There are 2 protein chains.
Amino acid sequence: MKRVYLDHNATTPLHPEVLEAMMPYLTEKFGNASSVHSYGREAREAIDEAREKVARLIGARPEEIVFTSGGTESDNMAIKGVAYLMRERGKGNHIITSSIEHHAVLNTCKYLEKKGFEVTYLRVDKYGVVDLDQLVDSITDKTILITIMHANNEIGTIQPLEEIGRIAKERGIIFHTDAVQTVGKIPVNVDELGVDLLSLSAHKIYGPKGVGALYVRRGVRLEKLIHGGHHERNRRAGTENVPGIVGLGKAAELAMKNMDEEREHLWNLSERLKRGIMERVEYVYQNGHPEKRIPNTINLSFEFVEGESIVLGLDMHGICVSTGSACTSGSLEPSHVLMAIGLRPELAHGSIRFSLGMGNTEEEIDYTIEKVAEVVERLRMMSPLYADAIKERRGRS
Amino acid sequence: MKRVYLDHNATTPLHPEVLEAMMPYLTEKFGNASSVHSYGREAREAIDEAREKVARLIGARPEEIVFTSGGTESDNMAIKGVAYLMRERGKGNHIITSSIEHHAVLNTCKYLEKKGFEVTYLRVDKYGVVDLDQLVDSITDKTILITIMHANNEIGTIQPLEEIGRIAKERGIIFHTDAVQTVGKIPVNVDELGVDLLSLSAHKIYGPKGVGALYVRRGVRLEKLIHGGHHERNRRAGTENVPGIVGLGKAAELAMKNMDEEREHLWNLSERLKRGIMERVEYVYQNGHPEKRIPNTINLSFEFVEGESIVLGLDMHGICVSTGSACTSGSLEPSHVLMAIGLRPELAHGSIRFSLGMGNTEEEIDYTIEKVAEVVERLRMMSPLYADAIKERRGRS
């Protein structure tokens, strides 16, 4: 069966050029980058080159890039690293974040609350944009860190990071962003955004799983998350994942090269998908900001149906989508993001995230529209709730 | 130039069958294992299969295996995980380790000392075997963890884990071992060794870099190192590195299959290397235990020469060896392991680790013997220290 993959916010396929770049390091160039002999030196050079490419993608200096095992580790390293060091230095114990962060940030913050830190979870508006007034009001002289994601992984809404960066800088507060869903999709420049720490992940941008990076602005100090050898300028211990790092470097290079074209391609496809579904299906609502969103992500709530049932129904037709974050799939809780933007639980449970990628075509989108209409109609036909509700609404109108 | 790779304790090449097993997951089977659709399910199945293979290699149950980004992360997760949880439960704050651990353990312990834990660093004898009497004497009612490596990465000495395991069990103390250098090389069975936690790494056994595992005995609880999604049964957050995990699984399977043959092969080659060098070169001493060692590792001290110079001299002939741990190469400090076994600093500075692997041949070993003799002779000829010493010794005898 032909498969249509529309779950790129969960993970992306490796770009063939990324795999090609990795292959020498999966075969003959297998050295440990810390070794002084020839195998070691060729690994070291490959890592240096990748570091430059990642730095270039986000407007950073190579020495500000620390390679990690992925976005989650980067978030942990940034948040715990600042929190512990600042508390030790007597600077305070208050962290500000938002209520719609990825669990890598949220659960790290919840953990820190148990360790004596205080955390403010900012509310968001109906589009998922954080409340800047509340941000300003929350800041105290104990505030040591603001951590706000760049774009939300479920609904795609982009946060006003420049403004948050200005607020943080004026008050001398360290500012971290989880940019896993924006790096490579929209322009990201650490100076323009005013961030001190930024997490990114390779496998969201056609790079390999198991590798990511943390941007650490020059001068920003962190307590280490992983202790051991003096890798990564003594900031992250562990033998470097050379093929993974090379893959991330190549993915960064390709993202930079293809970004303008891909943004337009994805925006057009996603708008086509949204319009197509809304024309064919009744009682559908878009979640997230209609314009200030990453170009590949459309989140829709389908009234009277379970999102999980739609996912499974579409899967039967080879179409791969999700109800929200892959990291929480299988959970019965409604999405914390959709609850935070004020959705009723029934609507939150009836939502689908379509996250598009490079390879998607208009043909795939049209096929998806058709199958979504079919699946939702079939599910609604089986729902007594739907029949009653329709009768009632039609009666009222 | 032909290259002879004798630095397998730093890292190993990917086994071609490992790469072959990984390839589908680097190409068409790219799903996120947490996704519920078909791409996700095939990734999940691959991880489950790999988990069984890793468990089988060490005599564990699949659900006791937690995949990590490598040996260093596994060590951090085990040691910090036990330390923080046990302290919180009021069980104590004392950790016992050895003075010759890998830096992933040593530096984690040093970090914990700053956080209010007490650490005993056991001494070792001239072969690098930990002092069991001192171990028993060190235990107090505050002791929460014993962490002793299985075999040393620099000198290859195998520790009496069964006895340590018995001591730990009798006293109800959790026992962790860094088995990065033994898993896949010699039989490792978690029940026979009596360990509760065991770190292993893929890239030391012909698997990929950037992936490892921590064995966690059923019932042993840890505080998490990396917070986020509910991956790995809620023990280690972050999108699973599917190709890496599949590679580790395949490497475990191959290690099990090839172990008996490889042990003999490596033991014979390494003895041939040692004998050959000792016959050709004067003033050479073996470091580590002559019998209780992993079969692939020979560490030799060459009097009157710098190990670093030998490494570079051999590199000119395409031979790749190291002075000790790759993780500390470039450091000017003498090896903490060699100092702990009582070597004079000059001898510690003059040591070379030869760590052999599957692909090595007798021909390569003979070539190495010849080149070691040449390089060491040339270096000694340039050393006034050597000339004086020889004169003096010959005069005495």
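Fair warning: this is a prediction, and the values are worked out from it, not measured in the lab.

For these two chains of identical sequence, chain B goes onto chain A by a turn of 180° and a shift of 0.0 Å along the axis, with RMSD 0.0 Å. Classification of the inter-copy transformation places it as that of a two-fold axis. Judged by C-alpha distance, Ser-69 of chain B is the residue of chain B that lies nearest the rotation axis, at 3.0 Å. Both copies share a contact surface, since 98% of the interface residues of chain B are interface residues in chain A too.

Residue and element names in this part refer to chain A. Ordered in space as β2-β8-β7-β6-β5-β3-β4, the 7 strands form an open sheet in which the pairing is mixed. With partners counted over all chains shown, the strands left at the sheet margins are β2 (65–68) and β4 (118–122), one partner each. For this sheet, the mean angle separating the axes of adjacent strands, direction not counted, is 20°. Where strand β3 (residues 94–98) lies against strand β5 (residues 143–147), 4 bridges are found, and the strand directions are parallel. Counterpart to Ile-96 in the pairing with β5 is Ile-146. Running at roughly 160° to strand β7 (residues 197–201), helix α3 (residues 71–88) makes contact with β2, β3, β5, β6 (174–178), β7 and β8 (212–216) of the sheet.

Within this structure, the stated rule accounts for 13 cavities of 30 Å³ or more. Approximately 380 Å³ is the volume attributed to the largest cavity. Forming the boundary of the largest cavity are 33 residues, of which Gly-238 and Thr-239 of chain A together with Gly-70, Gly-71 and Thr-72 of chain B lie nearest the centre. Residue composition of the lining of the largest cavity, by class: 9 nonpolar, 16 polar and 8 charged.

Time to look at the nonpolar core. In this structure, Ile-58, Ile-146 and Leu-198 of chain A together with Ile-58, Ile-146 and Leu-198 of chain B are the most contacted members of the largest nonpolar core, which totals 129 residues. Of all hydrophobic cores here, the second largest spans 50 residues; its members include Val-105 and Ile-226 of chain A together with Ala-78 and Ile-79 of chain B.

This brings us to the interface of chain B and chain A. Each partner contributes residues to the interface: chain B has 64 residues there, and chain A has 63 residues. For the pair chain B and chain A, the summed buried area comes to about 5,200 Å², and 58% of that belongs to carbon and sulfur atoms. Among the ionic pairs, Glu-42 of chain A bridges to Arg-3 of chain B, the shortest N-O distance being 3.3 Å. Along the contact surface separating chain B from chain A lie 32 residue pairs in polar contact (both at pLDDT 80 or more). When contributions to the side of chain B that touches chain A are tallied by element, the ones reaching two or more residues are α1 (16–26), α2 (38–58), α3 (71–88), α4 (103–114), α9 (242–280) and α10 (307–315) of chain B.

On any regular strand, side chains alternate: one points to one face of the sheet, the next to the other face. Residues and elements named next belong to chain A. Strand β10 (residues 297–302) sits mainly inside the fold: 6 of its 6 residues count as buried. What you see with β10 is no split at all: Thr-297, Asn-299 and Ser-301 on one side and Ile-298, Leu-300 and Phe-302 on the other are buried throughout. The pairing of β10 with strand β12 (residues 351–355) spans 5 bridges and is antiparallel. Its bridge partner lying in β12, Thr-297 is registered against Ser-355.

Residues and elements named next belong to chain A. Considered domain by domain, chain A is made up of domain 1 (4–10 + 259–396) and domain 2 (16–255). Contacts between the two partners involve 29 residues from domain 1, matched on the other side by 31 residues from domain 2. Of all residues in domain 1, Met-259, Ile-294 and His-336 give up the largest surface area on contact with domain 2, accounting jointly for 25% of the area buried on that side. Where domain 1 touches domain 2, the interface holds 0 salt bridges. On inspection of domain 1 and its partner domain 2, the count reaches 14 residue pairs in polar contact (both at pLDDT 80 or more). If you list the elements that add at least two residues to the side of domain 1 that touches domain 2, you get α9 (242–280), β10 and α11 (336–340). Here the side of domain 1 that touches domain 2 gets 4 residues from one element, more than from any other, and that element is α11.

Sheet strands line up and pair through hydrogen bonds in the backbone, either parallel or antiparallel. Residue and element names in this part refer to chain B. Across the sheet, 3 strands lie side by side as β9-β10-β12; this open sheet has antiparallel pairing. The open sheet is flanked by β9 (284–287) and β12 (351–355), the only strands paired with a single partner. Pairwise comparison of adjacent strand axes, ignoring direction, gives a mean angle of 30° for this sheet. Across the sheet, α9 is in contact with β9, β10 (297–302) and β12; its angle to β10 comes to roughly 15°.

Residues and elements named next belong to chain B. Structurally, Asn-287 is set in strand β9. Given the relative accessible area of 4%, Asn-287 is considered buried. Sequence-wise, Asn-287 and Gly-156 are 131 residues apart; in three dimensions their C-alpha atoms are separated by 8.8 Å. Once residues within four sequence positions are removed from consideration, Asn-287 is found in contact with Ile-155, Asn-299, Leu-300, Ser-301, Leu-338, Ile-341, Leu-343 and Ser-351. Among the polar contacts listed, one links the side chain of Asn-287 to the side chain of Ser-301, at a separation of 2.9 Å.

Turning our eyes to something else, we now look at the side chain of His-150 of chain B. Secondary-structure assignment places His-150 of chain B in the loop between β5 (143–147) and α6 (161–170). At 2.7 Å, the side chain of His-150 of chain B and the side chain of Thr-182 of chain B are in polar contact.

On to α3 of chain B, then. All names here are of chain B. Between the first and last C-alpha of α3 there are 26 Å, a value that for 18 residues agrees with the 26 Å anticipated at 1.5 Å per step. When you tally the buried positions in α3, you get 16 out of 18 residues, the bulk of the element. At the C-terminal side of α3, Gly-90 shows a positive phi close to 75°.

Cut-offs used in this document
- Residues numbered from 1 in each chain as written.
- Chains lettered and ligands numbered in written order.
- Predicted model: local features only at pLDDT ≥ 70, side-chain atom pairs only at ≥ 80, totals over all residues.
- Heavy atoms only, no water.
- Least-squares fit on C-alpha atoms with pLDDT ≥ 70 in both.
- Contact = heavy atoms within 4.5 Å.
- Pairing = 2+ DSSP bridges.
- Helix = DSSP H or I, 4+ residues; strand = E, 2+ residues; numbered from the N terminus.
- Axes fitted to C-alpha atoms, helices over the stretch in contact; angles between N-to-C directions.
- 1 Å grid on protein atoms, 1.4 Å probe; cavity = no way out; pocket = protein on both sides within 12 Å on 5 of 7 lines; lining within 4 Å.
- Points joined across faces, edges and corners; volume = space filled by probe spheres on them.
- Nonpolar A, V, L, I, M, F, W, Y, C, P; charged D, E, K, R; others polar.
- Core = buried A, V, L, I, M, F, W, Y, C linked by side-chain atoms within 4.5 Å.
- Buried < 20%, exposed > 50% of the residue type's maximum accessible area, 1.4 Å probe, protein only.
- Buried area = accessible area lost by both parts, 1.4 Å probe.
- Salt bridge = Lys/Arg side-chain N within 4 Å of Asp/Glu carboxyl O.
- Polar contact = N/O pair within 3.5 Å; in protein donor to acceptor, adjacent residues only side chain to side chain.
- Domains from an automatic or database assignment.
- Expected span 1.5 Å × (residues − 1).

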